[in-house]
Amino acid sequence: MGVPARRKTRHGGLVAWAFALPALLVYFAFLVYPALSSLWFSFTDWDGLSAGYNVVGLGNYADMAADPVVRQAAVNNLIWAVVTVVVPVVAGLALAVVLNGTVRGKPFLRLIFYTPAVLPLVSVASIWGWLYNPQYGAINAALRAVGLDSLAQPWLGQDSTALGATMVAAIWLRVGFPMLLYLAALQSISPDLYEAATVDGAGKWQQFWHITMPGLRPAHYVVIALSVIDSFKVFDLIYAMTYGGPGTATQVMGTWMYFNVFQYNQAGYGTAIAVVITVVAIAVSIPYVRSQTKEHAV
Amino acid sequence: MTTLLVPDTAVSAEQPVAKKRRGGIGATVVMTLVALLWISPLVLLVITAVRPLADFISHGPLSWPGTFTLDNFTDAWNIGNFATTYRNSLILLILKVPLGVFVSAMLAYALAKLRIRFGAAIMYTVFLGLTIPIYITIVPVFVMARSAGVTDSLIGLIGPYLAFGIPFEVLVLQSFIRQIPDEIIEAARIDGAGAWRIFLTVVLPLSAPALVTVFILDAVATWNEFLFALILLNSDAHKTIPVGLLNFQGQFSNNNTGLAAGILIAVVPILVAYTFLQRWIVGGLTAGASKG
Amino acid sequence: MNDNELSRRRFLSLGGAAALAAGLAACTGTGSSDTGSTGGPGTGAKTLRLFTYEDNSTVDLLKAQVKAFDQKNGTTTTVDSLPGSGAAVYPDKLRTELLGGKGPDVWRIWGGQIGAPFVKAKQSMDLSAYYTKFGWDSKLSPAAIEGMTFGGVKGGVPFIGAGIGGWYSKAAFSKAGISAPPKTYGELEEVNAKLVAAGITPASLGGKYGWDIMRLFEYLLEVSAGPDLHDKLLTGAESWDRPEVVTAFTNFKKWQDQKWLPEGAVGLDPADVENWYVQGKAAYTMTGAWTEAQGIQAGGKKSDDFGVFQLPTDQTPARHSGFVEGYMVNAKSGNPDMAAALIDFLVQVDTIKALKITNAVVTGAEPDQATLPLSYEWAQGPGKQPFYTIQDQALPKKQADQYFAVQSDVLQGKTSPADAAKKMQDVIKAWDKD
């Protein structure tokens, strides 16, 4: 197996595998193997607690097609993905560029925008629950203070606003992640390029579009790919903030999977949902992997 | 090749004189305001942490405290069993994070520069790990830990923690390592360096910002990991910080003030570490290392 | 300090042993370090593990009692506790341990449909023989035993029974000119109207998890349907698509429309709103006797300034909502006799008193009148009345969540009371089929 590889380049082959093996071994033992051994249950009616179960073939997958909550969860996931990818990525990029520039107190500012990401989700859920409280919360109080009483809402207490309310909290939480990755990526763009551009009379905005953005291209790929996947498997923030409610208004695939596996004694069905989440997310990652392997070839 | 030599950007950015500095002040004011707004929800957490529980229960979270106290912090230290959980979380972090980042960097290097066979297949497999909901793996992981006799032990957590950290770290690192120009690696090879030496002396130093970033993100994830720790650990002597934070809950009511104090106790070290480490992302270290 | 050193040394040795065990296990396939707790049948040793959700304020009391048990019986019992409302994480962990073949010998669990899956999946043991042996039938309240009996199988031993009542602030009532708690449902509505007129939110309930706003609905259902029909509805013996249920949903909506509930109640966390009656933000709430210690007294207030009443149903018997908690025994426990003996020890009057349990279902263990006068008052009066199962335990979680979703739709005006009754019938019918 190593021979043809070695013929292509001097490296690769066994050496490459030696580098890859430690991580791959751990990864297969503790992640791929448990994941695959659970996969089987998606073809059964296992309740998640008994010793026995029946094989139901693709029955669980067929049931998903008829489950109204799955449909609702899929739509919610899509909305969630668009909003919580676009906003934090754009904001994180802006923050990274600004906080890599001439602003004063950069370490402190970088700390502030990253801090929410460090908090345990229990506290995030309580804090935002308090802020959103219709009668006493800070958000409605602020709206009433500026005369926008009509906009004051029971944010988490009605189907129409609950998902949006969780997304605001998600943006607050997540902006630090792209910011950090972009900050790291900005370090590989040579300042000489900016100097040369300044000499040529290019404005800041032009520099951003013609130097910064192309220079960040590899980072864009990885930030967006990771953010999209993260948004597809969102679970704990929604679970902690709304518990999927009111009713099922904020159920996403991740929470619905959890409810089925652990609370409804429908582990087989819940596992099928997990499989679908994974398959969709992998499908989304195809362009990314293609882009990476293609660049490699060039 | 020069594009990769990364001098301290802070220094170079301040060279173009007066005009830029003025823009800096405007941006500073705007950024400070945005930052204040951003941090404002946390005021609730801090206020809750410094008021007596009775005051919290009798007035609610959104009131101004009648009295202030720091007792919550000493109480929280005991209730949260922090003397033990701190040590356990720290041990995990020290054992797991550097090791995880290192083996991930090795795999990332193999994917990005060593033209490993089945590279695309490996990438997809790695994505699998990012996408799989962690919940469906806990029973098999528990069974594995039990048959290895490492339930209720920190050692038992290291395997799963490594495995669930690897996908993210590999994807980020391989993206950065890919950007290292092949000429640099080629030059090192002509100097007689083997793959291992190139990895240690060229690839790792040149990826320092990415390594530090990944290190921070992984450290935070490890520090806050809840599910595996919850499932695998039982005795108080082995619990980690997130599991210890459950001690502030009761069946019918929560010790909210103690919890707020406990959360501050839990996150402050990681924020301090972050403040320290973030300097290494942006310049300084890289410049020196890439010259060497 | 001594403690610290001890645990550090223990950690080091345990870490080493674990690494060794991991290495060995990698060679042999399975490890055998299951001592310390039950690994399955045949362990036989005098070691037990008790898994519970005691919080920080009570876990040490329990450990002390268990130690006393150990000394008497020569056993070694480990107590592991996972505090929290537990509705989520505690059962998750319990399940995983049971499936992984390393479950506790004895575990604490809620009754009704929360405990039921463990019996149905045969993870917990049929305790009928031990009921006879220890005479639990005569020591424990029959209604509570009913809550731990699943499909005729006595799968658990109850020790706590909690009833839901109306807990109110005397100041709020007198401010609105209300002299005494309501005796009929009509009077309760009048009370609400007076409170709203006086600018006070009447009932502080939140519905983030379905509960505790369901406590209002189940009460309204008891009012309109009466004990007999209410019970039949819960088991699916009668159709929900009927006038009594529509009336209950209509009244439910009325509570929201008349502002007898906080604004946006369905989205509020009960942990946040339950204490509003203590904080002066509302007049009363529907909750259990724990609120006296954990709400009133923990808030630095005096029990004298508050009161409790049974929510009036205008029905006979006058019932309230309630639920039980108890212990189960692992079907694979290596030492079931000792496990049952431990439970018997834990439900003794003396133990209950030592554990400071105020809502035990054990005859002779009432709350202390001096320290918890309202809990005592409740236990002596309404507490002796029969109860209907609180509705998140009366239905399996899936059906309960669908039930709550219907309630949420009604409150938001998305479903009419008549449609809600029809939808509920569909939910219950689908459950029958499962």
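The structure displayed is predicted, hence computed values, not measured ones.

A. Highlighting the environment of Pro182 of chain C. Residues and elements named next belong to chain C. With respect to the helices and strands, the residue Pro182 is situated in the loop between α8 (170–175) and α9 (185–197). Along the chain, Pro182 and Ser375 lie 193 residues apart, while their C-alpha atoms are 19 Å from each other. If near-sequence neighbours (up to four positions away) are discounted, Pro182 is found in contact with Phe173, Glu187, Leu188, Val191, Phe309 and Pro312.

B. Local environment of the packing of aromatic side chains. Scanning the model with the defined rule gives 69 aromatic pairs over all chains in all. Ring geometry for Phe113 of chain A and Trp38 of chain B: centres 5.8 Å apart, planes at 50°, overall tilted. In this pair, Phe113 of chain A is assigned in helix α5 (residues 106–114) and Trp38 of chain B in helix α2 (residues 18–39), connecting two distinct chains. Each member of the pair, Phe113 of chain A as well as Trp38 of chain B, carries the same accessibility label: buried. Among the aromatic residues, those joined into a cluster by ring pairs are Phe235, Tyr239, Tyr243, Trp256, Tyr258, Phe259, Phe262 and Tyr264 of chain A, Tyr135 of chain B together with Tyr209 of chain C. We note Lys154 of chain C situated over the ring of Tyr131 of chain C; from NZ or CZ to the ring centre the distance is 4.9 Å. Across from the ring centre of Tyr136 of chain A, 5.0 Å away, lies the NZ or CZ of Lys281 of chain C, which sits over that ring.

C. Spatial organisation of the interface of chain C and chain A. Every contact between the two is made by 29 residues of chain C and, on the other side, 31 residues of chain A. Carbon and sulfur atoms make up 53% of the area that chain C and chain A hide from each other, which totals about 2,600 Å². The largest per-residue losses of area from chain C upon contact with chain A belong to Arg95, Lys208 and Glu263 of chain C, which jointly make up 22% of the total buried on that side. Our count for the contact surface shared by chain C and chain A stands at one salt bridge. Taken together, chain C and chain A are joined by 12 residue pairs in polar contact (both at pLDDT 80 or more). Secondary-structure elements contributing two or more residues to the side of chain C that touches chain A are α3 (89–99), α4 (112–120) and α19 (397–411) of chain C. Sort the elements by how many residues they give to the side of chain C that touches chain A and α19 of chain C lands first, with six residues. Among the residues making up the side of chain C that touches chain A, the classes are represented as 12 nonpolar, six polar and 11 charged.

D. Seen up close, helix α3 (residues 41–49) of chain B. With seven of nine residues buried, α3 of chain B lies mostly within the body of the structure. When α3 of chain B is considered as a whole, its buried residues turn out to be Pro41, Leu42, Leu44, Leu45, Ile47, Thr48 and Ala49 of chain B.

E. Structural context of the domain arrangement of chain C. Residue and element names in this part refer to chain C. In terms of domain boundaries, chain C breaks down into domain 1 (38–162 + 323–354) and domain 2 (165–321 + 376–433). Each of domain 1 and domain 2 has a C-alpha centre, and these two points are 30 Å apart. In this assembly, nine residues from domain 1 lie in contact with 10 residues from domain 2. Regarding the contact of domain 1 and domain 2, the summed buried area is about 860 Å², with carbon and sulfur atoms giving 65% of it. Its largest share of buried area at the contact with domain 2, domain 1 owes to Gln113, Ala162 and Phe323, together 62% of the area lost on that side. At the boundary of domain 1 and domain 2, one finds zero salt bridges. The interface formed by domain 1 and domain 2 includes one residue pair in polar contact (both at pLDDT 80 or more). Of all the secondary structure elements, the ones that give two or more residues to the side of domain 1 that touches domain 2 are α4 and β11 (320–329). Element by element, the count of residues in the side of domain 1 that touches domain 2 is highest for α4, at three residues. Split into classes, the residues belonging to the side of domain 1 that touches domain 2 amount to six nonpolar, three polar and no charged.

F. How the structure looks around the packing of helix α11 (residues 204–215) of chain A against helix α12 (residues 217–232) of chain A. All names here are of chain A. Viewed as axis vectors pointing N to C, α11 and α12 meet at an angle of 55°, and their least axial separation amounts to 4 Å. Overall, the two elements α11 and α12 adopt an arrangement that is oblique. Contacts between α11 and α12 involve Met213, Pro214 and Gly215 on the former and, on the latter, Arg217, Pro218 and His220. Here the contact of α11 with α12 is composed, by residue class, of three nonpolar, two polar and one charged.

About the thresholds
- Residues numbered from 1 in each chain as written.
- Chains lettered and ligands numbered in written order.
- Predicted model: local features only at pLDDT ≥ 70, side-chain atom pairs only at ≥ 80, totals over all residues.
- Heavy atoms only, no water.
- Helix = DSSP H or I, 4+ residues; strand = E, 2+ residues; numbered from the N terminus.
- Contact = heavy atoms within 4.5 Å.
- Phe/Tyr/Trp six-rings, centres within 6.5 Å; stacked < 30°, edge-to-face > 60°.
- Buried < 20%, exposed > 50% of the residue type's maximum accessible area, 1.4 Å probe, protein only.
- Lys NZ or Arg CZ within 6 Å of the ring centre and 35° of its normal.
- Buried area = accessible area lost by both parts, 1.4 Å probe.
- Salt bridge = Lys/Arg side-chain N within 4 Å of Asp/Glu carboxyl O.
- Polar contact = N/O pair within 3.5 Å; in protein donor to acceptor, adjacent residues only side chain to side chain.
- Nonpolar A, V, L, I, M, F, W, Y, C, P; charged D, E, K, R; others polar.
- Domains from an automatic or database assignment.
- Axes fitted to C-alpha atoms, helices over the stretch in contact; angles between N-to-C directions.
- Parallel < 35°, antiparallel > 145°, perpendicular 65-115°, else oblique.

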